[in-house]
Amino acid sequence: MTQSETPLLDDLEKGPWPSFVKEIKRAGEKKPAAMDLLRQLELSYKEKVGHWKHGGIVGVMGYGGGVIGRYSDRPDLFPAVEAFHTFRVNQPTGWFYTTEALRALCDVWDKHGSGLTNFHGSTGDIILLGAPTEHLQACFDDLAEIGFDLGGSGSDLRTPSACVGPARCEYACIDTLDLCREITLTYQDEIHRPMWPYKFKIKIAGCPNDCVASIARSDLSIIGVWRDNIQVDADAVREYAQNGLDIQAEVVDLCPTECMSWDAQTQTLRINDRECNHCMHCINLMPKALRPGKDRGAAVLIGGKAPIVHGAQMGWVIVPFMKVEPPYTELKELMEKIWDWWDENARMRERVGELIRRLGMRNFLKAVGLKPVPQMVFRPRANPYYFWDPEEVK
Amino acid sequence: MAKTDFGPPDYREMIPPIIARNYGKWRYHERLRPGVLKHVSETGEALYTVRVGSPRLLSTDTVREICDLADRYCEGHLRFTSRHNIEFLLSDEKKVQPLLDELKAKGWPVGGTGHSVSNIVHTQGWIHCHTPATDASGIVKALMDELLPYFESMELPALCRISLACCLNMCGAVHCSDIAITGIHRKPPRIDHDRLKNICEIPNVIAACPTGAIRPDPKRQSVTVNEERCMYCGNCYTMCPAMPIADPDGDGVSIWVGGKVSNARKPPMFSRLVIPYLPNNPPRWPETVEAVRNILETWAKHARKHERMGEWIERIGWERFFELTGIPFKEQLIDDYDLAIDTFRTAATFKY
C-alpha cells in the first residue's frame, strides 16, 4: 500500500461529524484541482501557515466584484491550484432552493470549477471555491443562463440577506424575504460595481431574536418589531401550564421589565403591555399562546461590524419603529441618504459605523434627517462636552 | 455579452408549495425532538423541518445526494440556515421517520434546535483565505466531533452559539457569540522594503494601522513599524502584501465568551476575551477543543434554565467564572484599546 500524501488531514475523515476532508477527496475523484487543494492544505497543517498569495484582481465583463482572485504561493508543488478563484453567487433569498436549481448549479460548477462549494459564505452568498482564470467568463455566462447572478465583494453593497421570515416563522413582524429581494434588485449596480469607501452590509431579521445576527454582522440592520399588545391565547397559556411549563419561574420571573404576572389559581397570565420592551422571551417560550402584536414594523440600526479597523461594533438604533411595506420608499430613501453622507465624508476603508464615531452621531442624524429620540441610547451622556448650533443660541 | 444585473433566483419559485400556501400564516411551532420542528399554520396545515449539520464545504456530488433526499422526501425543495445547516422541509408527517432513518444510515447528524449547540459558523481558514491565522474547517470538525451529543440533544440551559473566525477580519463576525474562537497573530509584520516601494500605497498602509504604529521611511521609500505599539491585527498586510504577518510560532487562536445577538431577556452582548492564546495544533487542535468543552460544560453545570452564557456570567460575576472554569486570568484580558475604561470596574462589590 502506498503511503498517504495527507496523513494529517486523513485524521479528519474520522469521527461522527461530516468531514470536509471527505468532501475535498470526493471532488478530487473528478478534479485534479481539488486534490492539489488538499495537498496544499496538508502543507499548511504541517507548517502552520497559509499558502494563498495576497490579492490578484480578476473579474467578469460588466462587473467590478463578485469574483475574488486567489493564487497559490506554491504553484511549483500544486500546479492545479495556481489560479483558484472564488465566485460569490447571490443566494435565493432565505436560502431556499429547488433541487432542480441546485443540480443546475452543480453542473455548471463541475464544468468550470473545482466541484467544491460553500453553502454558504459568511455574508450569505453561495461560494464556488476554485476556478481557473480562463474559465471565469464562461462560468459566469453559464451561471447567468441558469438564473444565478453574482453577489458583492470589495467596496460595494454586499449581498443582502434575510432570516426565513414569514416563509416559516410565526414571529416574523416584517416580510424579510420580500424586503431583501426588493433591496437586492433595486441596488444591483451598488452590489456589482464597487464605488464606495468600503463595504456595506445589510441584514434583515424578522423579530428581535435576530437569527441572522444582523445587529453584529451588518452595517445596516433591519429588525422586525411590534409596538402594540402581545396577542394572548389564554387557553393555550393554560395548556402550556398543564403540560409542565413553570410559567411563574420560567416566564414571569425572567421578564426583564417585570411587566407580567401569573395567577396560579385561576391560571391567568396578565401582561402590562405598556411596560413591555418586546424582548421575545415569553413568546419564545409559549409560541402557541403568545404572538407579537398587530402594529408591526422594523427597527433600523446602523454601524455593526467586525473588529478591523477600530474594534467590533454592534448596530446602534437610529429608528426605533418604521412601517416597512412595499415599495419600501421610506427605508430606501433613508438608505440612500446614509450612503450619500458616508460616501462624501468617509476615508478610504472607513465603515459607516467608524465614520459616525469620528464625526459624531449628532452630525449623522442631522445629515440623514432623523430626530433624536430616547430609544437611540441606553442612557444619556455623562460628560459636559456638547455642541450647540449657533442658530439655537441667538 | 451575457445579461447582467438580473439578481438572484426568485425565492417564490424556490419555496415548497406548502410554504407558498401558508406564507405569513404560520401560527406556532413545536420541537418534536432534537432537530425536528413542526410549524402549524392558521390553515391547519403542518410543515415538518428536519435540520441536518453540514461541514459547509460540500462537493457537488454531495449536494446532488442532498437533492436526491429532498426529491424523495420533500417534493424537490430544501433550504439552508444562516449557520450552514441543511433543512429538509416535509409536508407529510409520515415521511419524517423514514428520512431520519436514511439520514442516520448515511451518517448525517440531525439536531441544532432549541437548547443545543448548533453548527459552528466559520470562515475559510487555510483552505482558501490569504490572511488566516489559523484553519477554520479543521477546528470546527475536531470540535463538532466532540460536541456532537450537544448538537443532537436539547438538554443545555439555553442555546449556545459557537463561531469561528480565522483572523481579526472576522468574516464570520463572531464577536457576539456564546463562545467565539478567533485566529490571532502575536508577532509584528515583517517588511520587505524592496517589494513595498513597488506595490504598496504608503499613505494607505499608514492609515490602516489602528494604533499609529506605522511611520513613513522616506529614505527607503518604505515604512517602519513601531513594534511596541503593534497589536498584530494584520490590517497593514491586507493593504500591503509586502508586510506579511503570518508566522507558524506566533499564530494561534483566542477564545471569547458570553456574546449573543438575541434580545430575549438581556440586550445583545459582545463576546469577551478569556483565553488570549492557544497554539495552532493541527489536525485536531486538542487545547482549543478542551478549552471550549470546559467552558461549555461548566456553563451547562451551573447556569439556570434559559440563561445564556453571558447572562450566567453577568449573574455570577467574572471572578466566579474564572474560578469555576479554572481559566487563568491573564494581563491580556484587561483592555488597553480605545474604549478600555468602559470595562474597568467602578464599584466595591466583589466576590472572593
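All of the points below concern the structure found in this document.

Cut-offs used in this document
Note on numbering: residues in each chain are counted from 1, in written sequence order. Working convention: letters from A go to chains and numbers from 1 go to ligands, in the order in which they are written. Reporting in this predicted model follows two pLDDT cut-offs: at least 70 for local features of residues, and 80 or more for side-chain atom pairs to be given and counted; totals over whole chains, interfaces and linings ignore these cut-offs and use all residues. Calculated side-chain values reflect all of the structure's heavy atoms, with hydrogen atoms and water omitted. Numbered from the N terminus, helices here are DSSP runs of H or I no shorter than four residues, and strands are runs of E no shorter than two. Under the scheme applied here, a residue whose accessible area is under 20% of the maximum for its type counts as buried, over 50% as exposed, and between as partly exposed, the area being computed with a 1.4 Å probe on protein chains only. In this description, accessible areas are obtained by the Shrake-Rupley approach with a 1.4 Å probe, and a residue is regarded as covered only by the protein chains that are shown. Only when DSSP finds a minimum of two bridges between them are two strands counted as paired. Inter-axis angles, ranging from 0 to 180 degrees, are taken between N-to-C directions of lines fitted to C-alpha atoms, where helices are fitted over the stretch in contact. The contact criterion used is simple: two residues touch if any of their non-hydrogen atoms lie within 4.5 Å. Accessible area that two parts lose when put together, with a 1.4 Å probe and added across both, is what the buried area reports. Salt bridges are defined by distance alone: a side-chain nitrogen of Lys or Arg within 4 Å of a carboxyl oxygen of Asp or Glu. Think of a polar contact as two N or O atoms within 3.5 Å of one another; within protein, one of them needs to be a possible hydrogen donor and the other a possible acceptor, and neighboring residues in sequence only count if both atoms come from side chains. Polar here means any residue other than Ala, Val, Leu, Ile, Met, Phe, Trp, Tyr, Cys and Pro, which are nonpolar, and Asp, Glu, Lys and Arg, which are charged; Gly is therefore polar. Only buried residues count toward a nonpolar core. Its members are Ala, Val, Leu, Ile, Met, Phe, Trp, Tyr and Cys residues joined through side-chain atoms within 4.5 Å.

1. Let's talk about the overall build of chain B
The number of helices and strands found in chain B is ten helices and twelve strands. The dimensions of chain B, computed from C-alpha atoms along their principal axes, are 75 × 70 × 35 Å. In chain B, buried positions account for 60% of the 352 residues. As displayed, chain B has an accessible area near 14100 Å², and 51% of this comes from carbon and sulfur atoms.

2. Observations concerning the sheet that holds strand 8 (residues 179-184) of chain B
Residue and element names in this part refer to chain B. The strand order 7-8-11-12 describes an open sheet built from four strands, whose pairing is mixed. Unpaired on one side and paired on the other, strand 7 (162-165) and strand 12 (272-279) mark the two borders of the sheet. Pairs of neighbouring strands in the sheet enclose a mean axial angle of 20°, with direction left out of account. With respect to the sheet, helix 8 (residues 286-302) is in contact with strand 7, strand 8, strand 11 (252-257) and strand 12, its orientation differing from that of strand 12 by roughly 155°. The sheet strands contacting helix 10 (residues 318-325) are strand 11 and strand 12, and the helix crosses strand 12 at an angle near 30°.

3. A short note on the interface of chain B and chain A
Taken together, the contact between chain B and chain A spans 116 residues of the former and 119 residues of the latter. For the chain B and chain A pair, buried surface summed over both sides reaches about 10400 Å², with 60% attributable to carbon and sulfur atoms. At the surface where chain B touches chain A, the tally comes to 13 salt bridges. We note a salt bridge from A:Arg168 to B:Glu87, for which the minimum N-O separation is 2.6 Å. Between the two partners, chain B and chain A, sit 69 residue pairs in polar contact (both at pLDDT 80 or more). Here the side of chain B that touches chain A takes ten residues from helix 2 (residues 60-73) of chain B, the largest share from any one element. Of the residues that constitute the side of chain B that touches chain A, the class distribution is 56 nonpolar, 36 polar and 24 charged. Pairing between strand 4 (residues 116-119) of chain A and strand 4 (residues 57-59) of chain B: three bridges, direction antiparallel. Residue pairing in the sheet places A:Asn118 in a bridge with B:Leu57 of strand 4 of chain B.

4. Digging into the nonpolar core
Counting residues in each nonpolar core, the largest one holds 104 residues, and the members touching the most others are A:Phe87, A:Phe200, A:Ile202, A:Ile222, A:Ile338, B:Val50 and B:Phe88. Of all the elements, helix 12 (residues 329-345) of chain A adds the most residues to this core, at seven residues. Discounting chain neighbours no more than four positions away, the residues touching A:Ile338 are A:Phe200, A:Leu220, A:Ile302, A:Ile318, A:Val352, A:Phe364 and A:Val368. One finds A:Tyr45, B:Ile181, B:Ala291 and B:Ile327 within the second-largest nonpolar core, a separate group that totals 65 residues.

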